[in-house]
Amino acid sequence: MRRKKAIVFTEYLHKLESVESAKRAGFAAVLVTRKTRKGAAEVFDEIYEEDLNKREVWDALAKTLSAKYNVKAVVSNYDHFVVQRSYLAEKLGVAATTTYTACCTRNKVLMRKALAIMPENIEFSVAQTLPEALKAQKKLGGDVFLKSIAGIKSRCVFHVKTPTALRRAWKEFTQLKANLDEELYNDFHYLDFRFDYPNPRETVLIEKAITGKQVTVSSLVDSHRVWHAPSVCDIYTAADIGRDDSFLAFRILPSAQPRKLWKEAKQVTETAIKVLGLRNCATFTELILDKKGKARIIEIASRMGGYRPLMYNHAYGIYLPDLLIRAVTGRRVKLRKKAQQYVSLLELFPTKQGKFKRIENWEEIQKDSALRYSKIKAEPKKIVGLARENFEPVAVILLAGKTYQEVKAKSLYYQERLKVIVS
């Protein structure tokens, strides 16, 4: 009997877009998960629920899947599971980013070391103790970022300029350790790597702070080609709106940066993709354009940016999940280059930790003709807090408009107007 063509997904939380894209393209969608979540059975053609913290389980899964399906690709929609994705793909003999390269995109220390040959890499040091961190801060000039090496979405990131501030950040991060996400901070010891994988619970990254404009590049990669989304995405941080936190206040597409800087950012991204050896995946690269217009790499992930499908769909009419399935299965990708409108994606955070009560003036934005999407992610009475304290956003909002200045002005307005109230 001919084996059915399939795409295997490592874990599933709530992002269904690429799963649906795989099924529309004629592939069986197969899920490998530790626990089957509500609604998964209606989406996937088959689900394998296993104890995934054992290498022998992954090895056995590879044999089972290979016997039953003609697996064309292994995909992860989440940073948490890109290492497992690549390990399974290697066992299946499917073209994919190697396990080591996936580790480089999952662990910021490995990434910095791998990209050290690039002048666009940011100066860094590694610390496991406070004295080591203080020494690194002095070596890097004092103005630095203390970062969790496995965090995502700007969580557990501390901008410090003095030894006193670094001591405070170190204490805060140490207190967070007990509650860190097990999936994100896994050291993958069970996969028995033949290389050193710094433990995310015991190691922090100290990076030299670079002043400039932050942008992101969304890309798709097959075995030998790279496609970049038409525009870079402009990033406005919490600091840009006067907040003492590390979250991204809003992102705008298309970018207001000069086209030559779009090109610069994309060229640096493509070089990093090739240096790392990324293939058959989506990539999401964060960069900072310094005062001279030179792009410096903040980090690169081997998965799609969380809100980019929504943003590019509304701004350009491009549906990235469909294109991801084309790329990972070796088919050509075609990207529309002309924007239809400007969009801005906002995340809302409280100014202090507490139990979520409500968002002040939420009804106002619901009546705004610029609104394209909104979702309150926090349940009533759920503990919410700052991004640097490892909390997720309370709400997400997408606005659209005819001009860049229009959506920027509304983004600034609503970041001030929509206050997250906690008790």
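Reading the values: the criteria
Residues numbered from 1 in each chain as written. Predicted model: local features only at pLDDT ≥ 70, side-chain atom pairs only at ≥ 80, totals over all residues. Heavy atoms only, no water. Salt bridge = Lys/Arg side-chain N within 4 Å of Asp/Glu carboxyl O. Helix = DSSP H or I, 4+ residues; strand = E, 2+ residues; numbered from the N terminus. Pairing = 2+ DSSP bridges. Axes fitted to C-alpha atoms, helices over the stretch in contact; angles between N-to-C directions. Contact = heavy atoms within 4.5 Å. Left-handed = near helix turned anticlockwise from the far one by under 90°. Nonpolar A, V, L, I, M, F, W, Y, C, P; charged D, E, K, R; others polar. Patch = residues over 30% accessible without salt bridge, like charges linked within 9 Å, V, L, I, M, F, W, Y side chains within 5 Å. Areas by Shrake-Rupley, 256 points an atom, 1.4 Å probe, with all protein chains shown as cover. Lys, Arg positive; Asp, Glu negative; His and termini not counted. Charge placed at Lys NZ, Arg CZ, Asp CG, Glu CD. Buried < 20%, exposed > 50% of the residue type's maximum accessible area, 1.4 Å probe, protein only. Arc of directions from axis to C-beta. Parallel < 35°, antiparallel > 145°, perpendicular 65-115°, else oblique.

Counted by the stated rule, this structure contains 19 salt bridges. The residue R112 makes a salt bridge to E207 at a minimum N-O spacing of 2.8 Å. Taken together, the positions of R112 in helix 6 (residues 108–114) and E207 in strand 8 (residues 204–208) put the pair 95 residues apart, joining distant regions of the chain. Ionic pairing is found between R388 and E172, a salt bridge with its closest N-O pair at 3.4 Å. Of this pair, R388 sits in the loop between strand 18 (383–384) and strand 19 (395–401) while E172 is found in helix 8 (residues 163–176), placing the two residues 216 residues apart along the sequence.

Across the sheet, which stays open at both edges, the 4 strands sit in the order 3-2-1-4 with parallel pairing between neighbours. Unpaired on one side and paired on the other, strand 3 (46–49) and strand 4 (69–75) mark the two borders of the sheet. Put simply, the sheet's adjacent strands are angled 25 degrees from each other on average, direction ignored. Looking at chain direction, strand 2 (residues 28–33) and strand 3 are connected through 4 bridges and run parallel. Residue pairing in the sheet places L31 in a bridge with I47 of strand 3. Sheet strands touched by helix 1 (residues 17–24): strand 1 (4–10) and strand 2. Its angle to strand 1, the strand with the most contacts, is close to 175 degrees.

This next bit is on the packing of helix 7 (residues 130–139) against helix 8. Following both chains from N to C, one finds helix 7 and helix 8 inclined at 140 degrees, their axes separated by 10 Å at the closest point. Judged by the twist between their axes, the crossing of helix 7 over helix 8 is right-handed. In this structure, helix 7 uses L130, A133, L134 and Q137 to contact helix 8, whose residues at the interface are P163, L166, R167 and W170. Taken together, the residues of the contact of helix 7 with helix 8 sort by class into 6 nonpolar, 1 polar and 1 charged.

This paragraph deals with a positive patch on the surface. Together, R3, K4, K5 and K72 make up a positively charged patch on the protein surface. Within the fold, K5 resides in strand 1.

With that settled, the discussion passes to the side chain of T99. Mapped onto the fold, T99 is located in helix 5 (residues 99–106). Since its relative accessible area comes to 6%, T99 is described here as buried. Those residues in contact with T99 that lie beyond four places of it in its chain are V83, S86, Y87, E90 and F193.

Inspection of helix 7 places A133, A136 and Q137 among the buried residues, and these make up the whole buried set. Down the axis, helix 7 shows its buried residues gathered within 100 degrees of arc, on one side only. The exposed set on the far side of helix 7, more than 90 degrees from its buried face, consists of P131, K135, K138 and K139. Residue G141 follows helix 7 closely and has a positive phi angle near 100 degrees.

Take the sheet that holds strand 6 (residues 144–148) next. Ordered by their spatial adjacency, 4 strands build an open sheet running 5-8-6-7, and the pairing between neighbours is antiparallel. Each edge of the open sheet is held by one strand with a lone partner, namely strand 5 (124–127) and strand 7 (157–160). Going across the sheet, the axis of each strand differs from the next one's by a mean of 20 degrees, ignoring polarity. The pairing of strand 6 with strand 8 spans 5 bridges and is classified as antiparallel. Bridge assignment links S148 to a residue of strand 8, and that residue is V204.

On to the packing of helix 3 (residues 55–68) against helix 4 (residues 82–92), then. Close contact between helix 3 and helix 4 brings their axes to 9 Å; oriented N to C, the two are set at 50 degrees. When the interaxial angle is binned, helix 3 and helix 4 end up oblique. Here helix 3 runs over helix 4; the crossing is right-handed. Contacts between helix 3 and helix 4 involve R55, W58, D59, A62, L65 and S66 from the former and Q84, Y87, L88, K91 and L92 from the latter. Here the residues of the contact of helix 3 with helix 4 sort into 6 nonpolar, 2 polar and 3 charged.

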